[in-house]
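# Report on the structure
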Amino acid sequence: MSNDNSLMTSPVSFEVNGEAVKLTGNTVKQYLVRGNGDVSDQELVMFMNLCKFQKLNPFLNEAYLIKFGSQPAQIIVSKEAFMKRAENHPKYEGFEAGIIVERKGELVEVEGAVKLSDDKLIGGWAKIYRSDRKMPITTRISLEEFSKGQATWKAMPLNMIRKSAIVNAQREAFPDTLGALYTEDDALTQAEPKDITEQVQQEIKEQANSEIIDVEYSEVPENDSKQEQSQSNQRRQEPATKQQSMFEQGGPAF
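Let me sum up the structure you'll find in this document. (Residues numbered from 1 in each chain as written. Predicted model: local features only at pLDDT ≥ 70, side-chain atom pairs only at ≥ 80, totals over all residues. Heavy atoms only, no water.)

Across its full length, the protein carries 10 helices and nine strands. Out of the 254 residues belonging to the protein, those deemed buried represent 33%. Considering only intrachain contacts with a sequence separation of at least 6, the fraction spanning at least 24 residues in the protein is 56%. Of the accessible surface of the protein, which amounts to about 17300 Å², a share of 49% is contributed by carbon and sulfur atoms. (Helix = DSSP H or I, 4+ residues; strand = E, 2+ residues; numbered from the N terminus. Buried < 20%, exposed > 50% of the residue type's maximum accessible area, 1.4 Å probe, protein only. Contact = heavy atoms within 4.5 Å. Areas by Shrake-Rupley, 256 points an atom, 1.4 Å probe, with all protein chains shown as cover.)

Turning our eyes to something else, we now look at the side chain of Gln-54. With respect to the element layout, Gln-54 can be found in the loop between α3 (41–53) and β4 (63–66). Setting aside chain neighbours within four positions, we find Gln-54 in contact with Arg-85, Thr-177 and Leu-181.

So, on to α3. Spacing of three or four residues puts side chains on the same side of an α-helix, whose turn is 3.6 residues. With 13 residues, α3 should cover 18 Å at 1.5 Å per step; its first-to-last C-alpha distance of 18 Å lies within 8% of that length. Each element contacted by the buried residues of α3 is listed here: α1 (6–9), β1 (12–16), β2 (19–23), α2 (25–31), β4 and β5 (74–77). At the C-terminal side of α3, Lys-55 shows a positive phi close to 55°. (Expected span 1.5 Å × (residues − 1).)

The next point concerns helix α7 (residues 157–173). Helix length check: α7, at 17 residues, gives a terminal C-alpha distance of 24 Å against a target of 24 Å (1.5 Å per residue), a fit within 8%. Taking burial as the measure, the 17 residues of α7 include 13 buried ones, the bulk of the element.

Another aspect to go through is the sheet that holds strand β6 (residues 92–103). Read across the open sheet, the four strands follow the order β7-β6-β8-β9; overall the sheet is antiparallel. The sheet is open, and its two edges are formed by β7 (106–111) and β9 (137–142), each paired on a single side. Going across the sheet, the axis of each strand differs from the next one's by a mean of 25°, ignoring polarity. Here six bridges tie strand β8 (residues 120–130) to β9, and the two strands are oriented antiparallel to one another. Across the sheet, residue Ile-128 finds its bridge partner in β9, namely Ile-137. The strands touched by α7 are β6, β8 and β9; relative to β8, the strand with the most contacts, the crossing angle is about 35°. (Pairing = 2+ DSSP bridges. Axes fitted to C-alpha atoms, helices over the stretch in contact; angles between N-to-C directions.)

Here we come to the packing of aromatic side chains. Counting across every chain of the model gives one aromatic pair. On the basis of an interplanar angle of 50° and a centroid distance of 5.9 Å, the ring pair of Tyr-92 and Phe-174 is categorised as tilted. Placement of Tyr-92 in strand β6 and of Phe-174 in the loop between α7 and α8 (175–178) is noted, with a sequence separation of 82 residues between them. Per residue, the accessibility class of Tyr-92 equals that of Phe-174, and both read buried. (Phe/Tyr/Trp six-rings, centres within 6.5 Å; stacked < 30°, edge-to-face > 60°.)

See the structure below:
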């Protein structure tokens, strides 16, 4: 960090929906950065100024920083905050959105986030209406392109792809307001945690019992082996010999 400590301690103050928000470099670095990287002064300044001028409250998870290793930090805005800003635009007149499914060999656009049991989820769609446009701004996106296998996408794929379609359509409808804002869908692939469970299980399957283990042993000479076997047989025969001898002598006296 720089020698000037004012960046880390002096707050940047602004209001979001009537609530006061104060950000310092220390606060951002300790509570609002995700990942294992060390953010730079420049990245801290950019984040705090973005929150100030875009009226985003990071304490409500409306914005946060992602920093992994030496990769550039990414400023991420939540989809909810993104949609809220679009709705506050004076020319915004609502939207329609849903999912795209494959049904009996055809692509069908379904409004909402509900599909039939036999439908295959393909993607999402959204239409944004503006008061100064004759036609809505329409976007269609692919599930394969947007879903990276995160837990939320696995649990709620229909809802997630619909919401992503809305965000992309809103960005196209209001580029001046939303063009510089990025959601988690826009994050770089390498900055996202990977689920390596399947990879580890496959490696275990491939490598199991494939390692050759050297075990030291010594050979027993043939003569010694025969001698040990003879002694063992002799020990097994001794009780029978003693029993036979006892009966030959008339047995024990009672």
